[in-house]
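Observations on the model geometry
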Amino acid sequence: NISNNFKKKVLINKIIERNKKLTLNENEKLFLSLHSLTSSGIPILKSLTISKNQISSKKTIDKVIKEIEKGESFENALKKSNAFSSFTVSIISAGENSGKLTEAFENLTYYFKTMNMIKQNVQGALYYPLMVLTSIIFLILYVIFNFIPSLVDLYGGDIAYSSSWSFYVIKTSMFIKEYFMEVTLTFFSIISIIVLLFKTISKNP
């Protein structure tokens with residue numbers, strides 16, 4: 001059983017590694033380094049070897065280097081690594097075919113730098129709404145667990161029938177209070193899915 005679990009973990013890690021894309025920041029650092037080095041006349045393989053130290057995904061660049069050493073084009077090497085977007089591959093392909101690979105690196109550096117700035121601005125703009133949302137959640141929790149139960153204890157069942165609005169508010173409050181764990185898990189599951197989707201979109205320009 002231990003052996004099987006270990007094999008499963010290794011397989012899962014390989015799948016994750018295979019499908020892992022470079023982040024916007026990693027792409028920017030990589031292509032900035034490649035542009036600087038190739039502009040100085042350093043061959044692409046040597047440039048890749050040096051540039052891989054700029055990012056955390058060094059194994060990805062090693063795969064690209066091995067494919068180029070086998071005779072693959074830079075475009076195909078990037079495709080086989082599964083770490084670069086189709087947009088990146090198409091720009092590299094155009095640069096490779098036209099003999100303007102250095103210019104392609106420069107264009108990609110500018111593109112990823114711009115995308116990274118947009119991402120940071122969007123994340124910064126989300127902080128204030130997040131604080132407001134947090135305050136609203138705490139206010140709702142206070143109303144559900146303190147304010148409404150106090151009213152029910154004070155006025156008894158009469159308040160529930162004073163209006164349809166108050167009836168549904170009290171019923172909702174009691175439901176959430178009774179099934180708090182289930183409601184909380186559902187809420188955080190939805191939030192987690194939204195966050196993961198946001199991260200996936202931001203990592204795959």
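Here the structure is shown first, and the text comes after it.
What this report covers is the structure whose coordinates are included nearby. Keep in mind that this is a model prediction, so the values were computed, not measured. (Residues numbered from 1 in each chain as written. Predicted model: local features only at pLDDT ≥ 70, side-chain atom pairs only at ≥ 80, totals over all residues. Heavy atoms only, no water.)

1. Considering the overall build of the protein
Along the backbone of the protein there are 9 helices and 0 strands. In the protein, buried positions account for 26% of the 205 residues. Counted over contacts in the protein with a minimum sequence separation of 6, partners at least 24 positions apart contribute 53%. (Helix = DSSP H or I, 4+ residues; strand = E, 2+ residues; numbered from the N terminus. Buried < 20%, exposed > 50% of the residue type's maximum accessible area, 1.4 Å probe, protein only. Contact = heavy atoms within 4.5 Å.)

2. Points about the nonpolar core
With 22 residues, the main nonpolar core has Leu30, Phe31, Leu48, Val64, Phe74, Phe84 and Ile92 as its most contacted residues. Among the secondary structure elements, those contributing two or more residues to this core are α2 (24-39), α4 (58-69), α5 (74-81), α6 (86-98) and α7 (101-155). When neighbours within four sequence positions are excluded, Leu30 is seen to be in contact with Leu22, Ser51, Ile55, Ile61 and Phe84. (Core = buried A, V, L, I, M, F, W, Y, C linked by side-chain atoms within 4.5 Å.)

3. Here's the deal with the packing of α5 against α6
Where α5 contacts α6, the axes come no closer than 8 Å and their chain directions differ by 165 degrees. When the interaxial angle is binned, α5 and α6 end up roughly antiparallel. The hand of the α5/α6 crossing is right-handed. Touching Phe74, Glu75, Leu78 and Lys79 of α5 are Val89, Ile92, Ser93 and Glu96, all from α6. Of the residues contributing to the contact of α5 with α6, the split by class is 4 nonpolar, 1 polar and 3 charged. (Axes fitted to C-alpha atoms, helices over the stretch in contact; angles between N-to-C directions. Parallel < 35°, antiparallel > 145°, perpendicular 65-115°, else oblique. Left-handed = near helix turned anticlockwise from the far one by under 90°. Nonpolar A, V, L, I, M, F, W, Y, C, P; charged D, E, K, R; others polar.)

4. Considering the packing of α4 against α5
Where α4 contacts α5, the two axes come as close as 9 Å, and the packing angle between them is 140 degrees. When the interaxial angle is binned, α4 and α5 end up oblique. Pair α4 / α5 crosses with right-handed handedness. Of the residues in α5, those in contact with Thr60, Val64, Glu67 and Ile68 of α4 are Phe74, Ala77, Leu78, Lys80 and Ser81. Across the contact of α4 with α5, the residue classes break down as 5 nonpolar, 2 polar and 2 charged.

5. Topic: the environment of Ser56
Topologically, Ser56 is positioned in the loop between α3 (44-51) and α4. Taking the C-alpha atoms as reference points, Ser56 and Leu22, separated by 34 residues in sequence, lie 9.1 Å from one another. Among the polar contacts made by the side chain of Ser56, one reaches the side chain of Glu26 at a distance of 2.5 Å. (Polar contact = N/O pair within 3.5 Å; in protein donor to acceptor, adjacent residues only side chain to side chain.)

6. Quick notes on the packing of aromatic side chains
In this description, a pair of aromatic rings is defined by centroid distance and the angle of the planes. Per the counting criterion, the structure on display carries 6 aromatic pairs. Chaining the aromatic ring pairs together yields one cluster made of Phe31, Phe74, Phe84, Phe87, Phe105, Tyr111 and Phe112. (Phe/Tyr/Trp six-rings, centres within 6.5 Å; stacked < 30°, edge-to-face > 60°.)

7. Side note on the pattern of salt bridges
Tallied over the full model, the rule gives 5 salt bridges. Taking the shortest distance from any N to any O, the salt bridge between Lys52 and Asp62 comes out at 2.7 Å. Here Lys52 is found in the loop between α3 and α4, whereas its partner Asp62 is found in helix α4, with 10 residues between them in sequence. Its salt-bridge partner being Glu75, residue Lys79 comes within 3.3 Å of it at the nearest N-O pair. Residue Lys79 and its partner Glu75 are located together in helix α5, separated by 4 residues, close to a single helical turn. The exposure class assigned to Glu75 is buried, which follows from its relative accessible area of 17%. A single network of salt bridges, built from pairs that share partners, joins Glu67, Lys70, Glu72 and Lys80. (Salt bridge = Lys/Arg side-chain N within 4 Å of Asp/Glu carboxyl O.)

8. Some remarks on the environment of Lys63
Looking at the secondary structure, you find Lys63 in helix α4. Judged by relative accessible area, Lys63 falls into the partly exposed class, the value being 39%. Separated by 14 residues in sequence, Lys63 and Ala77 have C-alpha atoms that sit 7.7 Å apart.

The analysis is restricted to geometry; functional conclusions fall outside its scope.
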